[in-house]
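Listed here are the chains, written in short residue letters.
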Amino acid sequence: MRWLSTRGGDEQSLSSAIAKGLASDGGLYVPERVPKLSLKRCETLAQTAEQLLAPYFEGDALAPRLSALCADAFSFGAPVRWLDSGSTFGLLEQFHGPTAAFKDFGARFLAGCLPTPATVLVATSGDTGAAVASAFHRRPGVRVVILYPDGRVSARQAHQLGAFGNNVRTFKVAGSFDDCQRMVKEVLADQELCRRLSLTSANSISLGRLLPQMASYAHAALQSEGPVSFVVPAGNLGNALACVMAREMGAPIGEVVLATNANRVLLEYFLSGTYRPRASVATLANAMDVGAPSNLERMRAMFPLVKLAVEVVEDEVIRRTIAETYQAYQVAVCPHTACGIEALRRMRAAGEKGRWLVAATAHPAKFETVVEPLIGAAVPVPPALAELLKRPSFAAPLSAETEALRALL
Ligand SMILES: *Cc1c(COP(=O)(O)O)cnc(C)c1O
């Protein structure tokens, strides 16, 4: 299958589209078509992933490795936890990977697809950097350079980011996430430096991250009796776009509804059709603090007719939802997942019936300083995260200037 730029000026095979990241005309790669399959119910998530990805990999240099790539990236599952006896409300737990957020699936799949040697640059506001670092850690021929805004990620997130070592170098930047992202973008725009150091990025527009994210939705829907609808907490829109793709490919998925925090760009876009990107505002659900959702251009190009409902959830409602969910079900949820649960609560109040799953995008233990006081209990740390938190952690300071990053590379 060919991959075309959303801006019409570039065309690549799958493996080179994955290796390049951004199209040469500044657009995002989209498949020439989204194939419709009659999907079979599989035992493992890896098998479902392979079934969904096979048509996109057909004829590509990566095709012979697809099976192994899926087995490696999906070595842990995404179980469904129904919260009511009638199985009409549940969580799709996407956080069982090594860094306890759904980004582990995409980062690990991408790590298997990228050619070496490579130097992977990542600007992170928290979760992405750890998932990418974990996925590439100790891979031969790969260096990872992580930039995060000093003082603006949670203590556990900061510890995680600095805990890898070996081929991963972590820098705390004296600036904001936008500064980190600008530095990475400016360095990646230097073609000669990119060639010399085999620089690449692993941000949320990467196809290698987007495509595998279809799997958990399709797998959960195929296991269920009758169709399932999903609420997906959204920031850059990668996870939600993957859910829509899974549905369009034939997975028995009903509605897809987006939940956001106080960043309202997606709500405005789907209400009015006008896209007004802006600076993000900081919220408790920090992995969704996005003012310019990078996958929106791809969503519009691939599914121009798909309109999604969006629910905006403010911080005080996030807090209340975390507390109430624990009281009602004895389940601790992260602030991002709480946005999704609140979105569904509003729909139920408006008379919505049917079977719904909320994507639980991160483990609550990553946000323990928010969650624990609200539920009045400690959140047990999953083993892989505990392992990371036991390791020593180091991040070197870096000034928020592109020249400083260029010099260290
Ligand atoms: C990244 C992230 C999101 C947002 O996902 P997008 O694909 O950017 O929309 C939501 N929740 C958590 C925990 C995340 O890490």
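Heads up: the structure comes first, above all this text.
For clarity, every value in this text was computed on a predicted model and none was experimentally measured. (Residues numbered from 1 in each chain as written. Predicted model: local features only at pLDDT ≥ 70, side-chain atom pairs only at ≥ 80, totals over all residues. Heavy atoms only, no water.)

**Here's the deal with the packing of aromatic side chains**
Filter applied, for reference: Paired rings are identified among Phe, Tyr and Trp, the last through its six-membered ring, by centres lying within 6.5 Å, and are further divided according to the angle between planes into stacked (under 30 degrees), edge-to-face (over 60) and tilted (the rest). Counting from the N terminus, the helices are DSSP H or I runs at least four residues long and the strands are E runs at least two residues long. Any residue under 20% of the maximum accessible area for its type is buried, any over 50% is exposed, and the rest in between are partly exposed; the area is computed with a 1.4 Å probe on protein chains only.
In the structure shown here, the tally under the stated rule is 7 aromatic pairs. A ring pair is formed by phenylalanine 57 and phenylalanine 109, whose centres lie 5.9 Å apart and whose planes are at 85 degrees; its orientation type is edge-to-face. Taken together, the residues phenylalanine 57 in helix H2 (residues 45-57) and phenylalanine 109 in helix H4 (residues 103-113) connect sequence positions 52 residues apart. On the accessibility criterion, phenylalanine 109 (0% relative accessible area) is buried. A centroid spacing of 4.9 Å and a plane angle of 75 degrees characterise the contact between tyrosine 269 and phenylalanine 270, whose relative ring orientation is edge-to-face. Since its relative accessible area comes to 13%, tyrosine 269 is described here as buried. When its relative accessible area of 8% is taken as the criterion, phenylalanine 270 is described as buried. One aromatic cluster is present, built from ring pairs that chain together Phe74, Phe76 and Phe105.

**Some remarks on the nonpolar core**
Note on soluble globular proteins: their nonpolar side chains tend to be buried together. Cut-off, in case you're wondering: To qualify as a nonpolar core, a set must consist of buried Ala, Val, Leu, Ile, Met, Phe, Trp, Tyr and Cys residues joined through side-chain atoms within 4.5 Å. Whether two residues are in contact is decided by their heavy atoms, any of which lying within 4.5 Å being enough.
One finds Phe136, Met214 and Phe230 to be the most contacted residues of the largest nonpolar core, which totals 94 residues. Contacts of phenylalanine 230, omitting those with residues within four sequence positions, involve Leu92, Tyr217, Ala220, Cys243, Ile253, Glu255, Val256, Val257, Trp356 and Leu357. Residues Phe95, Ala101, Ala338 and Val371 belong to the second largest nonpolar core, which totals 36 residues.

**Brief notes about the side chain of histidine 137**
By the element assignment, histidine 137 lies in the loop between helix H5 (127-136) and strand S7 (142-149). Discounting residues that sit within four places of it in the chain, histidine 137 has contacts with Phe164, Gly165, Asn166, Asn167, Val168 and Arg391.

**Topic: the site of the ligand**
Going by this rule: Here a residue counts as near a molecule or strand whenever at least one of its heavy atoms sits within 4 Å of it. Throughout this description, a polar contact denotes any pair of N or O atoms lying within 3.5 Å of each other; where both atoms belong to protein, one of them has to be capable of donating a hydrogen while the other can accept it, and for residues adjacent in sequence the pair is counted only when both atoms sit in side chains.
In the neighbourhood of the ligand, 14 residues make up the surrounding shell, with Lys103, Asp127, Gly235, Asn236 and Leu237 lying closest. Interatomic distance of 3.1 Å between a backbone N/O atom of glycine 238 and an oxygen atom of the ligand. For the ligand, a nitrogen atom lies 2.8 Å from a polar atom in the side chain of threonine 361.

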